[in-house]
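Summary of structural features
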Amino acid sequence: MPLNIRRATSADIPVVCDIDTVVFRPNGTAEDHEVIRARFQAFPEGFLVAEIDDKIVGYASCEKWAALHEPKMNENPLETHDPHGTILCVTAMAVVADRQSQGIGTKLLEAVTLTALNHRCSRIVLETVNASAFYHKHGYTILQERYQYGARLFVMASDQTS
């Protein structure tokens, strides 16, 4: 069962929306499907899927920012993405429950890091509810803690060097 990380296509977006709903709804952080579609439209190079046996088992979506600001759920990426930005924001990353703890998240994060380097981004930022230990293990530090829609979120960052 080899793992394949690749750029998403528009045909992948309905499956990604389903994964987002299943993984994030219990935390109250599932995002509007139109926002997910807009993320793909805004920055397709930063929208990745993880596949095993041609089945999508995880995804990561990103956008580029010119300046650091507080990420917010359901932000319109057509307004926040800046193609010339040097900060890569991971707007979402998820792996289906029965495939978690198998290294898929690590491989997605490695692909996100490569995307940041390829796009000359000097920093990666993200927010997480439950995965701060995972990101900390990969060199991310907590910048702040905040609440949105009743969910406790950790805003984290990793500075990139080439």
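Further up the page is the structure itself.
Conventions we followed
- Residues numbered from 1 in each chain as written.
- Predicted model: local features only at pLDDT ≥ 70, side-chain atom pairs only at ≥ 80, totals over all residues.
- Heavy atoms only, no water.
- Core = buried A, V, L, I, M, F, W, Y, C linked by side-chain atoms within 4.5 Å.
- Buried < 20%, exposed > 50% of the residue type's maximum accessible area, 1.4 Å probe, protein only.
- Helix = DSSP H or I, 4+ residues; strand = E, 2+ residues; numbered from the N terminus.
- Axes fitted to C-alpha atoms, helices over the stretch in contact; angles between N-to-C directions.
- Parallel < 35°, antiparallel > 145°, perpendicular 65-115°, else oblique.
- Left-handed = near helix turned anticlockwise from the far one by under 90°.
- Contact = heavy atoms within 4.5 Å.
- Salt bridge = Lys/Arg side-chain N within 4 Å of Asp/Glu carboxyl O.

Points about the nonpolar core
Judged by nonpolar contacts, the single largest core of 39 residues is most densely connected at F47, Y59, L88, L108 and V112. Contributions of two or more residues to this core are made by α1 (13–24), α2 (33–42), β2 (47–52), β3 (55–65), β4 (87–95), α4 (104–118), β5 (123–128) and β7 (151–159). Counting residues in each nonpolar core, the second largest holds five residues, with W65, I87, C89 and V125 among its members.

Examining the packing of α1 against α2
α2 packs onto α1 with a crossing angle of 130° between their chain directions and a minimal axis gap of 10 Å. Taken together, the axes of α1 and α2 are oblique relative to one another. Between α1 and α2 the crossing geometry is right-handed. Taken together, the residues of α2 that come into contact with α1 (itself represented by I13, V16, C17, D20 and T21) are H33, I36, R37 and F40.

Details of the environment of F134
If you trace the backbone, F134 turns up in helix α5 (residues 132–137). Residue classification places F134 among the partly exposed residues on the basis of a relative accessible area of 21%. Separated by 47 residues in sequence, F134 and I87 place their C-alpha atoms 21 Å apart. Setting aside residues no more than four positions away along its own chain, F134 makes contact with M93, G105, T106 and L109.

Some details on the pattern of salt bridges
What the rule picks out here adds up to eight salt bridges. K107 serves as the salt-bridge partner of E110, at 3.5 Å between the closest nitrogen and oxygen. Placement of the pair is E110 and K107 together in helix α4, with a separation of three residues, close to one helical turn. Given a relative accessible area of 44%, E110 falls into the partly exposed group. K107 gets classed as partly exposed once you look at its relative accessible area, which sits at 41%. The partner of D159 in a salt bridge is R123, with the nearest N and O atoms 2.8 Å apart. Of this pair, D159 sits in strand β7 while R123 sits in strand β5, and the two are 36 residues apart along the sequence. A relative accessible area of 55% places D159 in the exposed class.

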